[in-house]
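Results of the structural survey
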Amino acid sequence: MRTAGVDLAAEPKGTALAVIDWADSRASLCELQLGVADNIIARTAGTVEKLGIDCAFGWPDEFVHFVVAHSSGDPSRPGVDGGMDWRRTLAYRETDRDVRKRTGRWPLSVSTDRLGLTAMRCAGLLARISETGIIVDRSGSGVVAEIYPGASLRLWGFSTTGYRTEPTIRKQLLQHIQDVAPWLDLGPFAPQMIISADAFDAVVAALAARSAALGFYEPPEPSMRDRARREGWILLPSGALADLLR
């Protein structure tokens, strides 16, 4: 099996792509790139069993309905009071609420945070992947899946405090990961992961993509599947890191 992970940014600068080969009880990081453009990611999607992308795949249904109604001046749209509770229904997707329940932390809001610009790029990227003939299901059942590296690390039992901003913390975290997963061969790429948080998260996304490919994740409830296909669904690992070698 081959899996890939993408730490997506609003521009190629800040975007990283990692590819891992899984064979003979080993996982080998065979590719790690920075400054990655959409065409490279779309091409990679056709060469892997699972591609995990760290970015929201869609917007909350309530947010979409509100923007359409507000733009058209639809007076029949009820319940627009501007209060905090109402705003939260527009800020978070159903998958964000699931992540909050499982990890105790909210993901970034795609409709109210800086993530919005990256999500716009992601929408274009998913369209480009679809144009190659790959069926894109935002709920994660196909080749492409929405991944949350920080939450994945926490569910695997690692502390993530400060790892995005401090190289020394990334170095310590990477050592902890390798202690737990001695079967993970990083080749010449470990220094790049320590220098760049984007590279680090791309590798974690590729690991989480393996978890998703093996079915070690919690899918949306049947009643939520249509919503997940519109909003996206984060595939959080449901097993241990060691399970990835099964």
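Here, the structure is the one placed above.
Summarised in this report is the structure supplied together with it. (Residues numbered from 1 in each chain as written. Predicted model: local features only at pLDDT ≥ 70, side-chain atom pairs only at ≥ 80, totals over all residues. Heavy atoms only, no water.)

1. Section: the nonpolar core
Just so we agree on the cut-off: Buried Ala, Val, Leu, Ile, Met, Phe, Trp, Tyr and Cys residues that are joined via side-chain atoms within 4.5 Å together make up what is termed a nonpolar core. Residue exposure (1.4 Å probe, protein chains only): buried if accessible area is under 20% of the type maximum, exposed if over 50%, otherwise partly exposed. For helices the rule is a DSSP run of H or I covering at least 4 residues; for strands it is a run of E covering at least 2, with both sets numbered from the N terminus onward. Working rule for contacts: check all heavy atoms of both residues, and any pair within 4.5 Å makes them a contact.
If you look at the biggest cluster of nonpolar residues, it comprises 39 residues, and the most contacted ones within it are Leu 29, Leu 32, Leu 153, Trp 156 and Phe 200. For this core, the secondary structure elements donating two or more residues are β2 (16–23), β3 (26–34), α7 (167–180), α8 (190–195) and α9 (197–213). At ten residues, α9 tops the list of elements feeding residues into this core. For Trp 156, the residues in contact, after removing those within four places along its chain, are Val 204, Leu 207, Ala 208, Pro 237, Gly 239, Ala 240, Leu 241 and Leu 244.

2. With respect to the pairing of β3
For clarity, the cut-off: By definition, two strands form a pair when at least two bridges between them are found by DSSP.
Across eight bridges, β2 lies against β3 in antiparallel orientation. Looking across to β3, one finds that Ala 23 is bridged to Arg 26. Linkage of β2 to β3, two consecutive antiparallel strands, is achieved through a turn of two residues, within which Asp 24 is found at a positive phi near 55°.

3. Some thoughts on the packing of aromatic side chains
Going by this rule: Working definition: rings of Phe, Tyr and Trp (its six-membered ring) pair if their centres are within 6.5 Å, and the pair is stacked with planes under 30 degrees apart, edge-to-face with planes over 60 apart, and tilted otherwise.
Applying the stated rule across the entire model yields four aromatic pairs. When the ring of Tyr 92 is compared with that of Trp 106, the centres are 4.1 Å apart and the planes differ by 25°; the resulting orientation is stacked. Taken together, the positions of Tyr 92 in the loop between α3 (84–91) and α4 (94–103) and Trp 106 in the loop between α4 and α5 (115–131) put the pair 14 residues apart, joining distant regions of the chain. Residue classification places Tyr 92 among the buried residues on the basis of a relative accessible area of 17%. On the numbers, 5.6 Å between centres and 55° between planes, the contact of Tyr 163 with Phe 200 is tilted. In this pair, Tyr 163 is assigned in the loop between α6 (149–155) and α7 and Phe 200 in helix α9, connecting sequence segments 37 residues apart. With a relative accessible area of 0%, Phe 200 lands in the buried category.

4. Thoughts on the layout of surface pockets
To keep it simple, the criterion reads: Every definition here rests on a 1 Å grid over the protein atoms only: cavities are sets of points where a 1.4 Å probe fits but cannot get out, pockets are open sets enclosed by protein on both sides within 12 Å along at least five of seven lines, and lining residues have some atom within 4 Å of a point. Grid points are joined across faces, edges and corners, and a volume is the space filled by probe spheres set on the points. Note that Gly is not counted as nonpolar here; it falls among the polar residues with everything else outside the nonpolar set of Ala, Val, Leu, Ile, Met, Phe, Trp, Tyr, Cys and Pro and the charged set of Asp, Glu, Lys and Arg.
Of the pockets and cavities examined, the largest pocket occupies roughly 800 Å³. If you go around the largest pocket, you meet 32 residues; those closest to its centre are Asp 54, Leu 108, Tyr 148, Arg 164 and Asp 201. Only α5, α6 and α9 provide two or more residues apiece to the lining of the largest pocket. Residues belonging to the lining of the largest pocket are distributed by class as follows: 14 nonpolar, seven polar and eleven charged. Computed from the structure, the second largest pocket encloses a volume of approximately 170 Å³. Lining the second largest pocket are Glu 94, Arg 97, Asp 98, Lys 101, Arg 102, Glu 218, Pro 219, Pro 220, Glu 221, Met 224 and Trp 233. When its residues are assigned to classes, the lining of the second largest pocket shows four nonpolar, no polar and seven charged.

5. Quick notes on the sheet that holds strand β4 (residues 50–54)
Working definition: the strands of a sheet are paired by backbone hydrogen bonds and lie parallel or antiparallel to each other. Put simply, the rule is: Fitting a line to C-alpha atoms yields each axis, with helices limited to the stretch in contact; the angle taken between N-to-C directions then spans 0 to 180 degrees.
One open sheet holds the six strands; their spatial order is β5-β4-β1-β2-β3-β6, and the pairing between them is mixed. Each edge of the open sheet is held by one strand with a lone partner, namely β5 (144–146) and β6 (184–185). In this fold helix α1 (residues 38–45) packs onto β1 (2–7), β2, β3 and β4, with an angle of close to 15° to the strand it touches most, β2. Sitting on the sheet, α5 touches β4 and β5, and the angle it makes with β4 is about 165°.

This is a description of form; function is not addressed.
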